[in-house]
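Understanding the architecture of this molecule
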Amino acid sequence: MIMHFQYKPLFENTNIPGWNISFYFKKQRYTGVYHQTGNLEWTSKPPAEEDLKALTSQIHELMLYHVYE
């Protein structure tokens, strides 16, 4: 389960899409960039391969809810 999910725009001009994200998962902090296309670029050590698909889906849902709604 993702905890303490945070996001903020990459650029001051909010018309330019892209967000820095951070969250905790299994007591490990992760950071990355969420692009408008839904692609994730990890700026920290990426999550384990077996968790990656589920995390990507959860992050995408959170971003749809918070940013695009």
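The sections below set out a description of the structure shown in this document. Treat the numbers as computed from the prediction; the structure is a model and nothing was measured.

Definitions and cut-offs
Residues numbered from 1 in each chain as written. Predicted model: local features only at pLDDT ≥ 70, side-chain atom pairs only at ≥ 80, totals over all residues. Heavy atoms only, no water. Core = buried A, V, L, I, M, F, W, Y, C linked by side-chain atoms within 4.5 Å. Buried < 20%, exposed > 50% of the residue type's maximum accessible area, 1.4 Å probe, protein only. Helix = DSSP H or I, 4+ residues; strand = E, 2+ residues; numbered from the N terminus. Expected span 1.5 Å × (residues − 1). Contact = heavy atoms within 4.5 Å. Phe/Tyr/Trp six-rings, centres within 6.5 Å; stacked < 30°, edge-to-face > 60°.

A few words now on the nonpolar core. If you look at the biggest cluster of nonpolar residues, it comprises 11 residues: I2, F5, W19, I21, F23, F25, Y30, Y34, L55, I59 and M63. For this core, the secondary structure elements donating two or more residues are β2 (19–25), β3 (28–34) and α1 (49–66). In terms of residues, this core owes the most to one element, β2, which gives four residues.

Assignment of secondary structure puts T56 in helix α1. Exposure remark for T56: the relative accessible area of 29% places this residue in the partly exposed category. Sequence separation between T56 and G38 is 18 residues; the distance between their C-alpha atoms is 8.8 Å.

This paragraph deals with α1. Over its 18 residues, α1 runs 26 Å from end to end, which matches the ideal 26 Å to within 8%, given 1.5 Å per residue. Residues D51, L55, I59 and M63 constitute the buried set of α1. Turning to α1, the residues buried within the fold contact β1 (3–9), β2, β3 and β4 (40–42).

For the coordinates displayed, the defined rule picks out five aromatic pairs. Summarising the aromatic geometry, the rings of F5 and Y7 are spaced 6.4 Å apart at their centres and angled 35° between planes, so their arrangement reads as tilted. Here F5 falls in the buried class, since its relative accessible area comes to 18%. Through a chain of ring-to-ring contacts, three or more aromatic side chains come together here, namely F23, Y30 and W42.

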